[in-house]
Amino acid sequence: MGYVWAMTHVTDSMVVDPSASTAMRTHRCGELGREQVGEAVRLGGWVHRRRDLGGLVFIDLRDRAGIVQLSCDPRWTSPDVMARASAAGTESVVLVKGTVGLRPEVARDTTLATRDVEVHVTDLRVVGPAVTPAIPVARKEGEELPAEELRLKNRVLDLRRPELQASLLLRHRLAQRARRTLSDLGFLEIETPILTKPTPEGARDYLVPSRVHEGEFYALPQSPQIYKQLLMVAGYDRYFQIARCFRDEDLRADRQPEFTQIDIEASFVAQEDVQGFVEQVLVAMWDEAGESVAAPFRHLSYRDAMERWGIDKPDLRFGFEIQDFTPFVQPDAAPFVHEALAKGGRLRGILAPGAASASRKEIDGLTAAAKELGAGGLIWARRTGAAWEGQGVKAIGLDTLTRIRGADGDLLLAVPGADGVTSPTLHAVRTLLTRRPGVTPSAAHAFCWIVDFPLFEKDPATGERIFVHHPFTSPHVEDIPFLDSDPFRCRALHYDAVYNGNELGSGSIRITDPALQQKIFSLLGIGPEEIRRRFGFLLDGLAAGAPPHGGFAIGFDRVAMLLSGASSLRDVIAFPKTTAARALFEGAPIPVAERELHALHLQLRREK
RNA sequence: GGGGCUGUAGCUCAGCUUGGUUAGAGUGCCGCACUGUCACUGCGGAGGUCGCGGGUUCGAGCCCCGUCAGCCCCGCCA
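Small disclaimer: the values here were computed from a predicted structure and weren't measured.

Caption draft 1: Structural detail: the protein's contact with RNA strand B. Lining the immediate environment of RNA strand B, one finds 52 residues, of which D52, R103, A107, H469 and T579 sit closest. The protein-proximal atoms of RNA strand B, defined as those within 4 Å of the protein, are 53% sugar or phosphate. Q69 is positioned such that a nitrogen or oxygen atom in its side chain is 2.8 Å from a base oxygen of RNA strand B. A distance of 3.3 Å separates a sugar or linking oxygen of RNA strand B from a polar atom in the backbone of V468. Mapped onto the surface near RNA strand B, the elements with two or more residues apiece are β1 (40–52), β3 (66–72) and α3 (148–153). Residues of the surface near RNA strand B, tallied by class, amount to 19 nonpolar, 14 polar and 19 charged.

Put into structure tokens, the structure is as follows:
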């Protein structure tokens, strides 16, 4: 608490912002320090805490810059002002006149950034009385936050908390820095429509019924994808937008139905140009948060990432890489291992140095995580000295273990099977291993690019060929000949930016050849009529003289979350939605009256 | 759509394992006292549909079923 406070508010209070001065106040509370001693000041703020000693009243007055102590003392405060100070309720807004004074030496034992000074109050008026707050803004040390449901219902109070104010302040600075960085690189900030056309591909659209056109709907954009491509065709060269995007899908801690992307597109570029722009923006934002990071970022192919980390967004701050133990498997391995190999699977696993100390309970936890992801179980063995022990000795056999070798103190964790099972399983296992006490990251920041994603994948449900990304992503030029003969061999000019195991965003080089775009659509089984209906305006655009172009979208909320140390997107969004996509504070969504539905040509059908 | 966790005073929590007095604590709130506090202190007080509905039982905050809400995860998120 005190730590966060000091960290976020001392910095701000070091500089007096002259623009803070208004007709009603001269400074922000948190800006006052020794430099203002002797000055007459006027302040406005919220009563954070009040300490009423009878003859003396102290008030901690809070605003967005921090807290300063008000001292009401008969030596400088009249009896009627004293009475008002003593009656000022918690979280009420007061206007104060006074003089900045040095606090008595013995009375500076405080965590406030403004610890040396206080305001000797000569006038105080409650201008915004507050009812008793439903949730506390000022908390005791160690006091838990109120339940998130209450925080969301009482959002104005929650937003007053210094931590949340610090997060939103940082978010503002990140946005400004990104904006300036891109603008300096010649990118133009251009807005695109919020009422757009449904794109039945991908995520579910939020639909908006048209009043004017019966039975027709707008969609809220899942991203400005097609618009930004058309801006390239229109010759705008370099575009960006801090764009709101909407997806009607189920939520997670790091997923909101409406979210913000730093959306970028540029013409006459290759993949590395776009990556260079994105790196500059990311480095600038990290710098804004006080973190020094270096570009260019390391490149990893999708295939490598899946092979060594089991995921396309590896956390490179830690070791515990996945290995292929298949070549070491000897006849003494258990039948189920041989069966898995016979079916074309592999035996993959992790040799975790020093993890032989893991308790049985811990290993059970790893096994449970493995089973949750579809693995039959988790083979494990620990090596002490030269000896292996554990269930894995039987499962994969001593001969196999001997060939795997390992070192004293290693914990071996392995899973036989298809990559589709072993990769996610071992990724989950690895993630748990990195969280063991005593495991330290090799660096604070590990950025990388994941490149060479496959263009197509098989739909696990239907077996049909589906696009991994959106259908405007260009294949590698050298893979185009294989589009028909060996589609799964084709790599996409698609790239993800990954940071400490988090996907920060993704982008691609787009298809600009209308013929190739048509071909891709038809490979996906979309007929000419449907192409026309859905994407006609894009194809027409491409046919009008399209420059080679590509772009990227940075998940801005996620960046703000990571850089502010928040554990949820909801803590970097002023008015977020719950996991059921409800807004508890304002109370959306709500049922609408029959006549409103009627005007929109809609009729409700009651389910069940 | 599926799985898990949580729901008791304004707030944070205990009570639930093993059903049985008047459901407690801290804090906040209200009142009184208090001239250097800073989580002020001291004294006194008010404050509860134990999320909601049903069931079992002589008796349910506690057991069972259902439901709602919040959170976490899987599916989903081109």
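Now that the structure has been shown, the text picks up again.
Caption draft 2: Representation of unusual backbone geometry within the structure. Residue P296 is reached from A295 by a cis peptide bond, and omega for that bond is -5°. For the bond from A588 to P589, the omega torsion is 0°, close enough to zero to count as cis. One can find P589 in the loop between α17 (556–564) and α18 (594–599). At E91, a residue that is not glycine, the phi angle is positive and equals roughly 70°.

Caption draft 3: Here's a closer look at the sheet that holds strand β5 (residues 117–128). Taking strand neighbours around the barrel as the criterion, the five strands line up as β1-β2-β3-β5-β4 in a closed arrangement whose pairing is mixed. On average, adjacent strands in this sheet sit at an angle of 55° to one another, irrespective of strand direction. Against the sheet, helix α2 (residues 79–87) makes contact with β1, β2 (57–63), β3 and β5, and its axis sits at roughly 75° relative to β5, the strand it touches most.

Caption draft 4: Summary view of the pattern of salt bridges. According to the stated counting rule, one finds 43 salt bridges in the structure shown. Between R84 and D123 there is a salt bridge, with the nearest N and O atoms lying 3.1 Å from each other. Here R84 is found in helix α2, whereas its partner D123 is found in strand β5, with 39 residues between them in sequence. Here R346 makes a salt bridge to D419, at a shortest N to O gap of 3.1 Å.

Caption draft 5: Broad picture of the sheet that holds strand β10 (residues 258–267). The strand order across the open sheet built from eight strands is β6-β9-β10-β22-β21-β20-β17-β11, with neighbouring strands paired in mixed fashion. Each having just a single partner strand, β6 (188–189) and β11 (298–301) make up the two edges of the open sheet. As defined by bridge partners, strand β17 (residues 447–451) adjoins strand β20 (residues 494–499) across four bridges and the pair is classed as antiparallel. What sits directly across from C448, in β20, is V498. Against the sheet, helix α7 (residues 271–288) touches β9 (238–246), β10, β11, β17, β20, β21 (502–509) and β22 (549–555), its axis set at about 25° to β22. Together, β11 and β17 form the strand contacts of helix α8 (residues 302–309), whose direction differs from that of β11 by roughly 80°.

Caption draft 6: Inspection of the packing of aromatic side chains at higher detail. Scanning all chains against the criterion turns up 14 aromatic pairs. Taking the centre distance of 4.8 Å and the plane angle of 75° together, the rings of W286 and Y499 count as edge-to-face. Residue W286 is found in helix α7, and its partner Y499 is found in strand β20; the two are separated by 213 residues along the sequence. Of the two residues, W286 and Y499, neither departs from the other in class, the shared state being buried. Their ring planes at 35° and their centres at 4.7 Å tell us that F447 and Y499 sit as a pair that is tilted. With a gap of 52 residues between them, F447 in strand β17 and Y499 in strand β20 connect regions that are remote in the sequence. For the residue pair F447 and Y499, the accessibility class agrees, reading buried in each case.

Caption draft 7: Spotlight on helix α6 (residues 225–233). Burial analysis of α6 places seven of its nine residues in the buried class, which makes it a mostly covered element. If you follow the buried residues of α6, they end up packed against β9, β10, α16 (528–543) and β22. Phi for G235, located one or two positions after α6, is positive at around 95°.

Caption draft 8: Inspection of the nonpolar core at higher detail. Among the nonpolar cores identified, the biggest contains 40 residues, and L282, M285, W286 and I554 are the most heavily contacted of them. A per-element tally of this core places α7 first, with seven residues. Setting aside residues no more than four positions away along its own chain, M285 makes contact with L174, R177, A178, I262, I554, F556, V559 and L563. Of all hydrophobic cores here, the second largest spans 22 residues; its members include L70, A88, V94 and V117.

Caption draft 9: How the structure looks around the environment of V93. Tracing the chain through its elements places V93 in strand β4 (residues 93–102). Those residues in contact with V93 that lie beyond four places of it in its chain are G45, W46, R125, V126, V127 and G128.

Caption draft 10: Structural context of the pairing of β20. Burial runs high along β20: six of the six residues are buried. Of the two faces of β20, the one carrying H494, D496 and V498 and the one carrying Y495, A497 and Y499 are both buried. Sheet topology places β20 next to β21; six bridges connect them, and they run antiparallel. Of the residues in β21, the one forming a bridge with Y495 is G507. Here β20 hands over to β21 after two residues, with N500 in that stretch at a positive phi of 50°.

Caption draft 11: Spotlight on a nonpolar patch on the surface. Together, V156, F575 and F585 make up an exposed nonpolar region whose accessible area comes to about 260 Å². By relative accessible area, F575 is classed as partly exposed at 39%.

Caption draft 12: Representation of the packing of helix α15 (residues 514–523) against α16 within the structure. Look at α15 against α16: their axes get within 10 Å of each other, and the N-to-C directions meet at 160°. By the angle between their axes, α15 is roughly antiparallel relative to α16. Classified by chirality, the crossing of α16 by α15 is right-handed. Touching P514, Q517, Q518 and F521 of α15 are I531, F535, L539, L542 and A543, all from α16. A per-class count over the contact of α15 with α16 returns seven nonpolar, two polar and no charged.

The rules behind each value
- Residues numbered from 1 in each chain as written.
- Chains lettered and ligands numbered in written order.
- Predicted model: local features only at pLDDT ≥ 70, side-chain atom pairs only at ≥ 80, totals over all residues.
- Heavy atoms only, no water.
- Near = heavy atom within 4 Å.
- Polar contact = N/O pair within 3.5 Å; in protein donor to acceptor, adjacent residues only side chain to side chain.
- Helix = DSSP H or I, 4+ residues; strand = E, 2+ residues; numbered from the N terminus.
- Nonpolar A, V, L, I, M, F, W, Y, C, P; charged D, E, K, R; others polar.
- Pairing = 2+ DSSP bridges.
- Axes fitted to C-alpha atoms, helices over the stretch in contact; angles between N-to-C directions.
- Contact = heavy atoms within 4.5 Å.
- Salt bridge = Lys/Arg side-chain N within 4 Å of Asp/Glu carboxyl O.
- Phe/Tyr/Trp six-rings, centres within 6.5 Å; stacked < 30°, edge-to-face > 60°.
- Buried < 20%, exposed > 50% of the residue type's maximum accessible area, 1.4 Å probe, protein only.
- Core = buried A, V, L, I, M, F, W, Y, C linked by side-chain atoms within 4.5 Å.
- Patch = residues over 30% accessible without salt bridge, like charges linked within 9 Å, V, L, I, M, F, W, Y side chains within 5 Å.
- Areas by Shrake-Rupley, 256 points an atom, 1.4 Å probe, with all protein chains shown as cover.
- Parallel < 35°, antiparallel > 145°, perpendicular 65-115°, else oblique.
- Left-handed = near helix turned anticlockwise from the far one by under 90°.

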